[in-house]
Amino acid sequence: MISVIVIDLDGTLLNENHCISTSSIQTLQQLNSDGIEVVLATGRHYQDVYLLAQQLAFPVWLITSNGARVHNLKGELIYENHIPVHLVAEILKLSTGFEVHRNIYQQDLWLVEEANEPLLNIHHSSGFAYRICDFAHLDYRHIDKFYFNASYEHLKPLHHQLTQAFGEQLYITFTTEHYLEVMNQGVSKAQGLLSILNQMDITLNQVMAFGDGLNDLELLKNVAHPVVMANAHPELKRQIPDAYQALSNQNDGVARYLEQYFLKE
């Protein structure tokens, strides 16, 4: 029996305007009132997701920075996995000179070297915003995630070099063709979920999860009921051919699937 639902945000729960629809909010509220636990699992920063989650009007578990941080229903940090200080320095050194926009999540901050208005637009629903700083004077402690924004053509050579240099020390993944993300080894949404289930005394056999990106792969492979969005990355669909499928995020795919599974008469 499914008692926990894990939901990715961008490309999954959030629509094309990067918002949670009224229909999705109402469906999740109904399920929560019926005793279903809801977990939001995303690459986004905790502060960003916390503000979005307030729209649901009930407590949810939060897996953020692709699993580098996990917060319980009270908003308490129960798990965190930083990038080691010496590797932060090496990532900054290696990525210098590439035609990409570099972003860092450090505790409650989103740090960038230069403005990028399109990135701010993605976060308009929560109002979360970056702080511009000089990475040359950055404190390398407590960094949960790097992410690089550019065209796939510009990200591909950076991905190759990062993988060659740190493939056995870091978790390196594309979330979409325009976002390349780097976390510490052992970080994943799946690992973040395990830290939650341990507190609930619930097994993976009781979990349904929704996702659309390659950073959802491990999560979807491990839960009992994986659901892939119609708009999901083709490689994700290829690697989990037996997953259930929901309509696209533009068509309220999560809400429609949940209604059919839990609320059908």
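Look above for the structure.
Rules used throughout
- All chains use their own residue numbering, which begins from 1 and follows the written sequence.
- Only residues with pLDDT of at least 70 are given local features in this predicted model, and only at 80 or more are side-chain atom pairs given and counted; all residues enter the totals for whole chains, interfaces and linings.
- To obtain the side-chain values, all non-hydrogen atoms of the structure were used and water was disregarded.
- Runs of H or I in DSSP of at least four residues are treated as helices and runs of E of at least two as strands, each being numbered from the N terminus.
- Each residue is placed in one exposure class: buried if its accessible area under a 1.4 Å probe, protein chains only, is under 20% of its type's maximum, exposed if it is over 50%, and partly exposed if it falls in between.
- Whether two residues touch is decided by their heavy atoms; if any such pair falls within 4.5 Å, the residues are in contact.
- In protein, a polar contact requires one atom able to donate a hydrogen and another able to accept it; more generally it is a pair of N or O atoms within 3.5 Å, and residues adjacent in sequence count only if both atoms are side-chain atoms.
- To estimate how far a helix should reach, multiply one less than its number of residues by 1.5 Å.
- Here the arc refers to the set of directions running from the helix axis out to each C-beta atom.

1. Some points on the environment of L13
With respect to the element layout, L13 can be found in helix 1 (residues 9-13). L13 gets classed as buried once you look at its relative accessible area, which sits at 2%. C-alpha of L13 to C-alpha of V254: the two residues are 241 residues apart in sequence and 6.2 Å apart in space. Sequence-distant contacts of L13, defined by excluding residues within four places in its chain, comprise I7, D8, C19, I20, S24, L28, L40 and V254.

2. Structural notes on the side chain of N149
As for its position among the elements, N149 is in strand 9 (residues 143-149). Of the polar contacts made by the side chain of N149, one reaches the side chain of N116; its length is 3.2 Å. Within the structure, N149 has its side chain in polar contact with the backbone oxygen of H178 (distance 3.1 Å). Apart from residues lying up to four places away in sequence, N149 is in contact with V100, H101, N116, L119, L155, H178 and Y179.

3. Re helix 6 (residues 152-166)
Given a rise of 1.5 Å per residue, 15 residues ought to cover 21 Å, and the 20 Å separating the end C-alpha atoms of helix 6 matches this to within 8%. Along helix 6, the residues that are buried comprise L155, L158, L162 and F166. Each buried residue of helix 6 lies within a common arc of 65° when the element is viewed along its axis, so the set occupies one face. The exposed residues of helix 6 that point more than 90 degrees off its buried face are E153 and Q164.

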